[in-house]
Structure formats: structure tokens, C-alpha cells
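# Topology and contacts: notes
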Amino acid sequence: MDICILNSGFGSRLKKYTQFVPKGLVPLDGSTTILSRQLSILNMFGEHRYALTTGYLDGEIQRYLHIYYPNLDVEFFVNTRYAETNYITSLLLLEARFRSELVLMHGDLVFEHSVVKDILESPRSVVVVDSTLPLPEKDFKARVKDGKVVEIGIHVFGDDCFACQPLYHLTKKDWNTWQTAIGEYCARGEESVYAENALNSVSSRMNLYPLDVKGRLCMEIDNEADLLSARKLMENKST
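Attention in this report is confined to the structure presented alongside it. Model, not experiment: these values are computed from the prediction.

### Some points on the pairing of strand β5 (residues 74–78)
Strand direction decides the pairing type here: strand β4 (residues 49–54) and β5, joined by 5 bridges, are parallel. When the bridges of β5 are listed, T54 appears paired with V78. In the classification by handedness, the crossover that spans β4, the intervening helix α2 (residues 58–68) and the parallel β5 is right-handed.

### With respect to the nonpolar core
If you look at the biggest cluster of nonpolar residues, it comprises 34 residues, and the most contacted ones within it are L91, L104, I152, Y168, W175, W178 and I182. The biggest single contributor to this core is helix α5 (residues 172–187), with 6 residues. The contacts of L104, once residues within four sequence positions are left out, are C4, L6, L91, P166, L167, Y168, W175 and W178. Counting 29 residues, the second-largest nonpolar core is a separate cluster that includes L25, Y50, V115 and L120.

### Observations regarding the packing of helix α1 (residues 34–43) against α2
With their axes 12 Å apart at the nearest point, α1 and α2 run at an angle of 45° to one another. Judged by the inter-axis angle, α1 sits oblique to α2. Our pair here, α1 against α2, has a crossing hand that is right-handed. Where α1 abuts α2, its residues L35, S36 and L39 lie against I61, Y64 and L65.

### Comments concerning the side chain of T89
By the secondary structure assignment, T89 is in helix α3 (residues 87–92). With a relative accessible area of 6%, T89 lands in the buried category. Not counting the four nearest positions on each side in its chain, T89 is found in contact with N79, R81, C186 and E191.

### Quick word on the layout of surface pockets
Space inside the largest pocket adds up to approximately 780 Å³. Around the largest pocket, the lining is made up of 25 residues, and of these G9, K23, N86, Y87 and D108 lie nearest the centre. Split into classes, the residues belonging to the lining of the largest pocket amount to 8 nonpolar, 10 polar and 7 charged. Looking at the second largest pocket, its volume works out to about 430 Å³. Taken together, the elements giving at least two residues each to the lining of the second largest pocket come down to β11 (161–170), β13 (218–220) and α7 (224–238). Its residues placed into classes, the lining of the second largest pocket shows 10 nonpolar, 4 polar and 8 charged.

### Describing empty space enclosed by the protein
Empty space among the atoms can be located by rolling a probe the size of a water molecule over them. Enumeration according to the criterion identifies 1 cavity of 30 Å³ or more in this entry. Of the voids in this model, the largest cavity is the one considered here, and its volume is about 40 Å³. Sorting the residues of the lining of the largest cavity by element identifies β8 (125–130) and β11 as the ones contributing at least two each. Its residues placed into classes, the lining of the largest cavity shows 7 nonpolar, 1 polar and 1 charged.

### Regarding the packing of aromatic side chains
Throughout the structure, instances matching the rule amount to 9 aromatic pairs. Ring geometry for F77 and F98: centres 5.7 Å apart, planes at 75°, overall edge-to-face. Taken together, the residues span a long stretch of sequence, with F77 in strand β5 and F98 in the loop between α3 and β6 (102–106) at a distance of 21 residues. When sorted by exposure, F77 lands in the same class as F98, which is buried. Grouped by ring-pair contacts, the aromatic residues F10, Y56 and Y82 constitute a single cluster. R188 extends its terminal NZ or CZ atom over the ring of Y185, reaching a point 4.7 Å from the ring centre.

Calculation rules
- Residues numbered from 1 in each chain as written.
- Predicted model: local features only at pLDDT ≥ 70, side-chain atom pairs only at ≥ 80, totals over all residues.
- Heavy atoms only, no water.
- Pairing = 2+ DSSP bridges.
- Helix = DSSP H or I, 4+ residues; strand = E, 2+ residues; numbered from the N terminus.
- Right-handed = clockwise from strand over helix to strand, strands pointing away.
- Core = buried A, V, L, I, M, F, W, Y, C linked by side-chain atoms within 4.5 Å.
- Buried < 20%, exposed > 50% of the residue type's maximum accessible area, 1.4 Å probe, protein only.
- Contact = heavy atoms within 4.5 Å.
- Axes fitted to C-alpha atoms, helices over the stretch in contact; angles between N-to-C directions.
- Parallel < 35°, antiparallel > 145°, perpendicular 65-115°, else oblique.
- Left-handed = near helix turned anticlockwise from the far one by under 90°.
- 1 Å grid on protein atoms, 1.4 Å probe; cavity = no way out; pocket = protein on both sides within 12 Å on 5 of 7 lines; lining within 4 Å.
- Points joined across faces, edges and corners; volume = space filled by probe spheres on them.
- Nonpolar A, V, L, I, M, F, W, Y, C, P; charged D, E, K, R; others polar.
- Phe/Tyr/Trp six-rings, centres within 6.5 Å; stacked < 30°, edge-to-face > 60°.
- Lys NZ or Arg CZ within 6 Å of the ring centre and 35° of its normal.

So this is what it looks like as C-alpha cells:
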């Protein structure tokens, strides 16, 4: 499976932890980082080809993987304009090399094994939602109509919406449709928006379904409170 992990941003709301390392290398417990936890879980379910988009302190991730994952099949895509663009520009870098079926995730996601298993085994395009959570004020929500996801964003609200996490499994057709829209957005200079803005513009031509994790661990680490919460949840699940 081709797997893309987005790691280009500053992680500014975690600046206490990201002064010298990118967000993916923030420790969760002991020697376990967000990235190493992601890779360890993903690698439990077979061999994969990885694409890591980087920007802020990109050399740190490359050195880390060289030391701890020397045999990892990984290619790096460096967004040199990470400070002035959003990750829509990082995804554009994949256009020439990754146009097949793809698992896509943000580099600050912490999840449990069963969530990844369901994502990898899905025969259709899916994105993680959680029907047990209240709608977050500032984070992603997904609007679902007739069983399909038709819109994802932070300003999406309504009775047909669910809390959403940026963890996708995309068929070749759906990924190429989204990637084409990403290219069109970037060509117009719309590079400070979320890649999901491009997705929303073509969602009617995609078949993207919600994968409801129903309370299972799958969360972004946006700030210190999230980090402490994730550490506690991980500790509870290990006892």
C-alpha cells in the first residue's frame, strides 16, 4: 500500500515541544514518538511504500528514520514554501509519483491498531469520523448525505455532520480526482487553504464514505492538552 504522511507544518501550538523537532517527532512516552507509533502500527499490517512530506526541520525526520527505520521504503517530498502555504502544496508534490490507491494521514495523528486495520482493509474510499463525539468548534467535521461524505472542513456544521479526522483510504479514481483538483487550486494560487477545499469542489465526482470509529482512539495532537490526553488514553488502553 502507498501511504502518505504529512509532516510539513510548524506545529506552532505545540511550540514547547517543537522548537527543535517537527511535530511528528514529539515524544508520546519514553522513546515513542508520534511518527514511530504511526509507523509501528502501520507496519504490523504488511509492507508499505511511504511518502513523507516535510518542511519545517525536515532534516530531523530524515535523520530519525535513517537511524531507527533504516530499511523503510520511504521517499521524502520537501515543501520548501511550508511557511507560506498549507499542506495542499505539499500534496501537490506527490502528483508525478503517487497516483494510485493511497492511504493519507496527517503526521500528528495518534490512533489505535483496529482503526488502521479498518482503514487499510477498506475496499472503498473512506475517511475517519466519530459519531460518539460532539462536533468540535475549530477542527474538521464531515458532512454526510445519502451515506457519502460530501464536505469536510472546520466551518462545516449541522445535524448531518460528524467529528472527522484526516485519515483516509482513497481508491485510485478518487485520489486522482482529488489530486487534479489540488493541482487546479495551486495553479490559481490558492495555496493557503486546506486540501479539503479542493476535495469539496469535486466531492460529487468521488465516492467517499465515512468510517465511524465509534469512540476508538483516533485523534490529532494539536496542542499540549491533546498530547496529555493522548498519553493518558494510551496508558489506559495498555493496562
